[in-house]
Amino acid sequence: MSYGPPGGDVRKGWAVAARARSEERRAEILRAAFEVIAERGYRGASLGAVAERVGLTQQGLLHYFPTKEALLVAVLEARDQWDAVPRGEWRLDLLGPLVEYNAMRPGIVQTFSALLGESVTDGHPARAFFTGRYEAVRESFAAVLRAEYGERLPGGLTPEAAAPLLAAVMDGLQYQWLLDPGSVDMAAAFRDFLKLLGDGGDHLDLD
């Protein structure tokens, strides 16, 4: 009978199982961090509160995320990965369903909005993330609008000029909906905005 070290296949199996457990634990921590940040904001959230929610000590949590900033970046990256439409595959006809999907996950929207609001302050660890994200979003939205309307929208705007407006409406509606979901139908309001893009607002008297 051999009492030597286990064979390569066994060790490989252990390593795969350990990696799977580690990824599962990381996902659990990220979900808890979403909840804590949504409840308290990033400034008020602590590693200790997140650790307690998943049954870890703070030192145990640091094994997975060595700093609060590292956890924040992971939360933001996970939020983007969970979006219904991958950023590189956006089309105008898919943006409405994305808004509808967001309306079904208020916790994630609340966390994103809380972090976005806080990120405008100097020195906030999420500022660089959101700055880069909006740059990419504007670029993607310009491509979406160009594919739909060409070089000019019906109202005369270029896709590059309309892209920040589209992003502003999407995120601005989220804030209004979070504050008063009974009064703001986020998905319906966004569909109305898309109609304005499509007809250029020609029916409106703005004089």
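For the structure itself, look to the data block above.
Source: prediction; values computed, not measured. (Residues numbered from 1 in each chain as written. Predicted model: local features only at pLDDT ≥ 70, side-chain atom pairs only at ≥ 80, totals over all residues. Heavy atoms only, no water.)

S.K.: Can you walk me through the environment of L56 in this structure?
M.R.: Tracing the backbone shows L56 in the loop between α2 (47-53) and α3 (58-62). Each C-alpha atom, one on L56 and one on I29, is 9.5 Å from the other, the two residues being 27 residues apart in sequence. Aside from chain neighbours lying at most four places away, what touches L56 is R25, I29, A51, L61 and Y64. (Helix = DSSP H or I, 4+ residues; strand = E, 2+ residues; numbered from the N terminus. Contact = heavy atoms within 4.5 Å.)

S.K.: Where do I start with helix α5 (residues 92-102) in this structure?
M.R.: Residue pairs three or four apart in sequence face the same way in an α-helix, which turns once every 3.6 residues. Residues L92, L95, G96, L98, V99 and N102 constitute the buried set of α5. For α5, the buried positions fall inside an angular range of 160° around the axis, keeping them on one side. Close packing links the buried residues of α5 with α4 (68-81), α6 (106-118), α7 (127-149), α8 (159-179) and α9 (186-199). (Buried < 20%, exposed > 50% of the residue type's maximum accessible area, 1.4 Å probe, protein only. Arc of directions from axis to C-beta.)

S.K.: How should the nonpolar core be read in this particular structure?
M.R.: Grouped burial of nonpolar side chains is what soluble globular proteins tend to show. In this structure, L71, F141, L166 and F190 are the most contacted members of the largest nonpolar core, which totals 56 residues. L166 has contacts with L95, F141, L145, F190, F193, L194 and L197, leaving out every residue within four places of it along the chain. (Core = buried A, V, L, I, M, F, W, Y, C linked by side-chain atoms within 4.5 Å.)

S.K.: For this particular structure, what's the right way to read the packing of aromatic side chains?
M.R.: Both the distance between ring centres and the angle between the ring planes are used here to describe each pair of aromatic rings. Inspection of the entire model under this criterion finds 2 aromatic pairs. Centroid distance F112 to F130: 5.4 Å. Interplanar angle 70°. Geometry classified as edge-to-face. Residue F112 is located in helix α6, and its partner F130 is located in helix α7; the two are separated by 18 residues in the primary sequence. With centroids separated by 5.4 Å and ring planes inclined at 85°, the aromatic side chains of F129 and F130 adopt a geometry described as edge-to-face. The buried category is assigned to F130, whose relative accessible area is 3%. (Phe/Tyr/Trp six-rings, centres within 6.5 Å; stacked < 30°, edge-to-face > 60°.)

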